[in-house]
Every structure is written in structure tokens, then in C-alpha cells.
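Structural description and commentary
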Amino acid sequence: MERFIFDCDPGHDDAVALAMAKGLSKYFKLEAVIATYGNQTRDKTLANALNLAQALELDVPVYAGSEMPLIRKRVVAANIHGENGLAGPVFPPCKLKCAGNGIRYALDTVINNPGEITFVSVGPFTDLAVCLKADERFASSLKRIIVMGGSTVGGNVTNTAEFNVYADPEAAEIVFSSGVEIVQFGLDVTLQVMLNEDILNRVRASKETNYKKIFLASMEYYVKSCREFIHDFPAMHDPCTIAYLADPSAFEFKKVFVSVDCKSNLNYGATVDIREAEDKNVYKGIKADTEKFWNLFFEALERLP
Ligand code: BDR
Ligand code: CA
């Protein structure tokens, strides 16, 4: 069973990914959650991660990740995810506490378990980059990296840049050039996995659970804000990483080398596939089997509290 650390910035689609990580737990072993800044400031995403961990009865520690990008000025996605980063659901008072520093935890866990741990990152790339730079044993000890980030089909923040890379392009460049095997879920593939009214109706008709309420309340907000700023229905960006861990056959990939534009003005934060590169270390997602994805989602839903 693949053991992984889940680094996220919840965030509406991050929250769905966490729920799938709990509901599909027979396929893999989630070791811990790290909350980084991204969709909102770190304090807010950490509070959301703790609330979700309590509601989902996650039973793994939740650590605090980075508060700021490496170099650029911090940007957050309050326009999409709201003032608290996960607008919509209301959670009861949280009894869970942050387990400590996520960077320290990730370094120790990966280095002490060589070849065992996968790092899944669905927020800005800062935590991964800091770990890679802090100790060279981190890269050689990782099993692999799975990320949501990047795009070669146009951006969702600027014309060319996707949010997670745009939020910390220099960190993303450190990660993509690390030489570690990377599975990339960029907009090329995640925009194929859109929520729709049929799925919402199937959820509405499903058994009453605490998570069902959370999902419907958060999607009500997410759909509304996406309609205002992006497309008709939101994409399930981050949950693709978890669906992939449960069933790799749900996606098709192409081997590429990814470079991040950290220099130009208008193209800042865009990812580019370099055809000429010899060391192609990235399996870039290019096609999603949406039926398999939603089957996994409903399989998870069945098992959630
Ligand atoms: C990514 O940006 C965030 O807003 C989402 O949670 C996802 O990780 C999509 O570009
Ligand atoms: Ca995210």
C-alpha cells in the first residue's frame, strides 16, 4: 500500500480530496496532512484542515506548512474559495490541535523511511521546495511526488499560469527540476473532471451523513463563485491525485520535462513542456476517465461518516 503525506490548502476541491482520502483508505495509507497557505492564508487553511479532519474522523495528524512563498508576494484565491478559504459549510467547535511543524515532520518521515513515502501536493509548491533544499537526502529518499499544478492549456489565474504554480513559481521550478519522479495533474487533465448537476443530484439522493451536508454546502458556494469567475461548474482538480492513487488506470499520461517560467512578466508562473530535454521525469496527466473518477468518489461517499 502506498504511504503518502498530503500537503494541501483547503480549499473546496482540497476538501473533496481529503474526503476521498478517508473514504478510499483501503487502497493506500495516508500518513499525515500538512496545511500550507494558498487558497487562503496558512492560519485559515490550517483551521479548515483541522475542521475537516474532525468531521471526516481522519485519524491522522494535521501539521502546519509554510505561510509564505519563497520569493514572490503571497497571493490567495479568496475570490474562489471565500474569506475563510472554505466558505459554505459550518463546522462545530474543533477539538483537534495542530501536530506541529509540517516541514520538520516531512523531512524526518521521508528520510527515515527511504523509498517508502510519496509526497502529494495540491497547493503551492513551497513546502516541497523547502524540504528539497533543506536536506539532499529528502529527494533521494522520496518514493515519488504527485502534484496538482501547472497547465499547457491556458491558465486559471493569468492567461498561461495555473494557481498552485503561480502562487510560488520559484518553488515549483525547484520541484520540477529535482529529478524525482513526478506525476502531474495540471489543468490539461483536471479540467476534464467537472462537477455537474447529475452528480449533485446523486449526492442529494444518497444516504444522510455529516459529510454529505458538508459537501453540498461547500459545493453550493464553489459552484456560485466558479460561475462568477471561471466556468459553469467547478473542476475537481485536487481529488484527481487521490483517485489516481486508488486507481491509476483512471488517467492517461505522457512523459515530459516541465520547466516553470520564473522570469517573464506576463508569462510568470506558466509551466512549459520541454520537448528537447532528455531527463523526462514527469508523468503528465493528459486524459481522465471521468466515469472511473466519479465511481471512486461515490465509493468514498458510501464510507464516510
Ligand atoms: C488549484 O488551485 C486551487 O484553488 C485549487 O484548490 C487547486 O489546487 C487549481 O488551479
Ligand atoms: Ca488546492
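Below, the structure is looked at part by part. Owing to the predicted nature of the structure, the values given are computational and were not obtained by experimental measurement.

**With respect to the site of ligand 1**
Close contacts around ligand 1 come from Asp13, Asp14, Asn39, His81, Val122, Met148, Asn156, Glu162, Phe163, Asn164, His237 and Asp238, and that covers them all. In this structure, aspartate 13 approaches ligand 1 through a side-chain N or O atom, which is 2.6 Å from an oxygen atom. At 2.9 Å from an oxygen atom of ligand 1 is found a main-chain nitrogen or oxygen belonging to valine 122. Isolated, ligand 1 exposes 280 Å² of accessible area, and the fraction of that covered by the protein chains is 95%. Applying the majority rule of atoms within 2 Å of the grid points places ligand 1 in the largest pocket. Among the elements of the structure, α1 (12-23) and α7 (163-166) are those that each provide at least two residues to the shell around ligand 1. Of the residues that constitute the shell around ligand 1, the class distribution is three nonpolar, five polar and four charged.

**Observations regarding the packing of aromatic side chains**
Applying the stated criterion across every chain yields a total of 15 aromatic pairs. Ring geometry for phenylalanine 4 and phenylalanine 6: centres 6.5 Å apart, planes at 85 degrees, overall edge-to-face. Taking the centre distance of 5.8 Å and the plane angle of 80 degrees together, the rings of phenylalanine 185 and phenylalanine 253 count as edge-to-face. Pair noted here: phenylalanine 185 is in strand β6 (residues 182-185) and phenylalanine 253 is in strand β7 (residues 251-256), with a separation of 68 residues, a long-range link. Residue classification places phenylalanine 253 among the partly exposed positions, given a relative accessible area of 25%. Here a set of aromatic residues connected by ring pairs shows up, and it is made of Tyr211, Phe215, Phe293, Trp294, Phe297 and Phe298. Just above the ring of phenylalanine 298 sits the side chain of arginine 202; from NZ or CZ to the centre is 3.8 Å.

**Examining the pattern of salt bridges**
Scanning the model with the defined rule gives 16 salt bridges in all. Close ionic contact of aspartate 108 with arginine 104 constitutes a salt bridge, the shortest N to O distance being 3.0 Å. Placement of the pair is aspartate 108 and arginine 104 together in helix α4 (residues 102-111), with a separation of four residues, close to one helical turn. Taking relative accessible area as the criterion, aspartate 108 reaches 35% and is therefore assigned partly exposed. Under the relative-accessibility criterion, arginine 104 is labelled partly exposed at 48%. One salt bridge in this structure joins glutamate 208 and lysine 212, with 2.8 Å as the shortest N-O distance. The class for lysine 212 is buried, based on a relative accessible area of 4%. Taken together, the shared-partner salt bridges connect Arg3, Lys29, Glu31 and Glu116 into one network.

The rules we used
Residues numbered from 1 in each chain as written. Chains lettered and ligands numbered in written order. Predicted model: local features only at pLDDT ≥ 70, side-chain atom pairs only at ≥ 80, totals over all residues. Heavy atoms only, no water. Near = heavy atom within 4 Å. Polar contact = N/O pair within 3.5 Å; in protein donor to acceptor, adjacent residues only side chain to side chain. Areas by Shrake-Rupley, 256 points an atom, 1.4 Å probe, with all protein chains shown as cover. 1 Å grid on protein atoms, 1.4 Å probe; cavity = no way out; pocket = protein on both sides within 12 Å on 5 of 7 lines; lining within 4 Å. Sits in = over half its atoms within 2 Å of the grid points. Helix = DSSP H or I, 4+ residues; strand = E, 2+ residues; numbered from the N terminus. Nonpolar A, V, L, I, M, F, W, Y, C, P; charged D, E, K, R; others polar. Phe/Tyr/Trp six-rings, centres within 6.5 Å; stacked < 30°, edge-to-face > 60°. Buried < 20%, exposed > 50% of the residue type's maximum accessible area, 1.4 Å probe, protein only. Lys NZ or Arg CZ within 6 Å of the ring centre and 35° of its normal. Salt bridge = Lys/Arg side-chain N within 4 Å of Asp/Glu carboxyl O.

Function cannot be inferred from these measures alone, as they are strictly geometric.
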